[in-house]
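Each chain, written out:
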Amino acid sequence: MPAPQDVLPVADGVGLPWDVAVGDAVGAIADARGAHGDDFVVISGGDRYVFTFSPTGVESFYALPEEVASKGLADYRMLCRKLPDEIFTGRRTLPGSLFRRDDVTSYLAHLGHALDVTGDELGERGDVDVFAVTRRLGHRMGLASWAAPGCADGEPFERLVRAFDALDGSDAFVHPDAMAAVAASGKRVERAALAEVADVVEGALARHDPAPGSLFARIVAGWADQDPEARARGVAMDVALIHIASMSNLMAALGWAIVDLVEHPDALRTVANGDEDFARRCALESTRMAQRSIMSRAVLAPVEFRTGAGVVDVPAGWTIATLLPLLNTSAEPSLTEWDPDRWRGHRLADVGGLASPMLVTAFGHGRHTCPAQPFSLAAMTTAMTRLLGRYDVSARWSAHPRPVAAQIGGVARSAGPATMRYALR
Ligand code: HEM
């Protein structure tokens with residue numbers, strides 16, 4: 001079987017943003033695709049990538065088995081540019097185990113409380129950055145769901161918000177251009193923030209017993225065989241990784257859903273009147289359009305990979321990748337429009353115009369499809385109907401907010417504030 005570079009064009013001079021300075025990371029890959037077609041090779045910083053955008057390639061991508069082409073390792077390689085190693089080592093409760101039976105019910109109850117507090121903080125009227133509100137809401141809901149009792153209110157909450165904002169793992173793909181400086185500093189700021197998280201969580205653990213049946217109780221039980229000091233440290237690091245891995249994409253997506261509704265007054269009225277099914281479709285649609293995800297798999301053992309330009313044998317050590325922002329809004333002409341009615345359930349209602357249904361997604365396809373999709377959509381729906389049902393809102397932005405140009409991964413983060421005016425109905 002031929003090697004990738006024997007069949008596919010090599011996009012010379014294209015670098016990825018963690019290796020070389022690139023102003024618009026997604027734009028650079030789009031240019032390479034324009035020049036070389038849907039399947040090509042990129043060599044960047046000594047690493048080799050197959051990028052695929054063809055229907056055949058994207059379908060093969062989603063079918064890759066984890067044992068030979070690993071999403072876990074690819075994600076780790078991305079996140080470890082930002083996060084200190086100690087947060088990954090020895091974890092006993094992982095973000096993938098957050099969705100057992102009854103878990104979502106408890107997270108949504110915490111969301112209800114977090115929305116009450118958000119209402120208190122917003123007061124009757126004012127101007128606010130949509131993304132700042134959703135981010136704070138996410139911190140509060142998440143910490144109430146999996147940190148020690150007392151971590152989602154008052155001073156411990158404020159300390160954790162500051163620490164998690166400094167420790168934000170999504171910086172690895174939102175600001176990949178900043179990772180060289182993070183490495184050069186020996187992750188000084190991140191290590192200090194992690195120490196602060198540990199201090200707050202360990203302090204709360206010493207003062208409070210976990211609520212029976214809570215995720216936090218499960219995390220603590222996972223460390224029952226350790227002495228108190230090792231147990232407290234292990235619990236704090238589990239909480240830190242779960243919180244970092246979980247909330248930030250969800251709250252960015254909620255931000256875009258609110259921004260899109262503010263820009264579509266008819267849809268806004270329907271959501272404000274409590275139409276949850278419509279609100280869920282709005283959430284899916286805004287997430288589709290805000291997707292900046294690089295989906296990648298680190299090849300662990302040589303793997304036969306079908307592309308639109310032929311079958312290649314991808315060696316171990318390579319990465320196979322595709323980019324949602326280059327498919328989700330262009331795989332078919334109508335996809336440039338925000339249209340919640342294109343969704344039925346969690347799927348597109350009509351895929352007739354697409355060369356493959358896998359060319360468009362909000363939460364992924366195949367074995368790695370997001371396990372948090374039902375929870376995320378329920379949380380977004382609740383937050384949208386409650387906030388927009390409570391307040392009359394209007395945009396203070398004159399042009400649609402723009403994503404951070406350098407971002408390559410996750411749901412778009414806005415490059416600037418999206419200020420919204422609100423007044424109690
Ligand atoms: C709107 C919010 C979210 C979006 C748009 C989203 C999107 C995605 C996508 C596209 C994938 C597949 C990636 C791939 O195939 O490479 C994925 C996987 C995953 N997501 Fe989410 N996600 C969201 C929220 C969450 C939350 C809140 C969690 C909480 C823990 C979470 C946990 C995961 C995990 C653990 C996986 C990996 C699953 C696996 O490897 O089998 N996601 N997500």
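If you look the chain up in an unreviewed UniProt entry, it shows as Cytochrome P450 from Mycolicibacterium arabiense.

Draft legend 1. Region of interest: the pairing of strand β6 (residues 303-307). The alternating pattern of β6 places Val303, Phe305 and Thr307 on a buried face, while none of Glu304 and Arg306, on the opposite face, is buried. Sheet topology note: the β6/strand β7 (residues 310-314) ladder contains five bridges and is antiparallel. Of the residues in β7, the one forming a bridge with valine 303 is valine 314. Counting the residues in the hairpin turn of β6 and β7 gives two residues.

Draft legend 2. Examining the site of the ligand more closely. Neighbouring the ligand are 22 residues, the closest being Ser246, Arg297, His368, Cys370 and Ala372. Here an oxygen atom of the ligand and a side-chain polar atom of histidine 368 are 2.7 Å apart. Of all the elements in the fold, those that place two or more residues in the shell around the ligand are α12 (228-262) and β5 (294-299). In terms of residues, the shell around the ligand owes the most to one element, α12, which gives four residues. Per-class residue counts for the shell around the ligand are twelve nonpolar, seven polar and three charged. Taken domain by domain, the shell around the ligand gets at least three of its residues from each of domain 1 (1-82 + 293-327) and domain 2 (83-291 + 328-424).

Draft legend 3. Region of interest: unusual backbone geometry. Residue lysine 187 is not a glycine yet carries a positive backbone phi of 55°. Position of lysine 187 relative to the elements: it lies in the loop between α9 (179-184) and α10 (188-207). Assessed through its relative accessible area of 12%, lysine 187 is described here as buried.

Draft legend 4. Structural detail: the pairing of strand β2 (residues 47-52). As judged from the six bridges shared by strand β1 (residues 39-44) and β2, these two strands associate in the antiparallel manner. Residue pairing across strands places phenylalanine 40 opposite phenylalanine 51, the latter belonging to β2. Of the strand pairs in this sheet, β2 and strand β8 (residues 319-323) are connected by three bridges, and their pairing is parallel. Across the sheet, valine 50 pairs through a bridge with isoleucine 320, a residue of β8.

Draft legend 5. Local environment of the coordination of the iron atom of the ligand. The sole protein-derived ligand of the iron atom of the ligand is Cys370 (SG), positioned 2.3 Å away. Among the secondary structure elements, cysteine 370 is positioned in the loop between β10 (347-348) and α15 (373-390).

Draft legend 6. Just the sheet that holds strand β12 (residues 419-424), in detail. With antiparallel pairing, the three strands of this open sheet are ordered in space as β4-β12-β11. Every interior strand has two partners, whereas the edge strands, β4 (125-129) and β11 (391-395), have only one. With direction set aside, neighbouring strand axes in the sheet form an average angle of 25°. Sheet topology note: the β11/β12 ladder contains five bridges and is antiparallel. Bridge assignment links valine 393 to a residue of β12, and that residue is tyrosine 422. α15 contacts β11 and β12 of the sheet and is inclined by roughly 95° relative to β11.

Draft legend 7. Spatial organisation of the pattern of salt bridges. Per the stated rule, a full pass over the model turns up 27 salt bridges. Across the pair glutamate 155 and arginine 162 runs a salt bridge whose closest N-O atoms are separated by 3.7 Å. A relative accessible area of 49% means that glutamate 155 is categorised as partly exposed. Arginine 281 serves as the salt-bridge partner of aspartate 277, at 3.1 Å between the closest nitrogen and oxygen. Taken together, the residues span about one helical turn, with aspartate 277 and arginine 281 both in helix α14 (residues 276-290) at a distance of four residues. Here the salt bridges share partners, and the residues they tie into one network are Glu121, Arg136, Arg140, Asp153 and Glu158.

Analysis parameters
- Residues numbered from 1 in each chain as written.
- Predicted model: local features only at pLDDT ≥ 70, side-chain atom pairs only at ≥ 80, totals over all residues.
- Heavy atoms only, no water.
- Buried < 20%, exposed > 50% of the residue type's maximum accessible area, 1.4 Å probe, protein only.
- Helix = DSSP H or I, 4+ residues; strand = E, 2+ residues; numbered from the N terminus.
- Pairing = 2+ DSSP bridges.
- Near = heavy atom within 4 Å.
- Polar contact = N/O pair within 3.5 Å; in protein donor to acceptor, adjacent residues only side chain to side chain.
- Nonpolar A, V, L, I, M, F, W, Y, C, P; charged D, E, K, R; others polar.
- Domains from an automatic or database assignment.
- Donors = N, O, S within 2.8 Å, 3.2 Å for Na, K, Ca; no water.
- Axes fitted to C-alpha atoms, helices over the stretch in contact; angles between N-to-C directions.
- Contact = heavy atoms within 4.5 Å.
- Salt bridge = Lys/Arg side-chain N within 4 Å of Asp/Glu carboxyl O.

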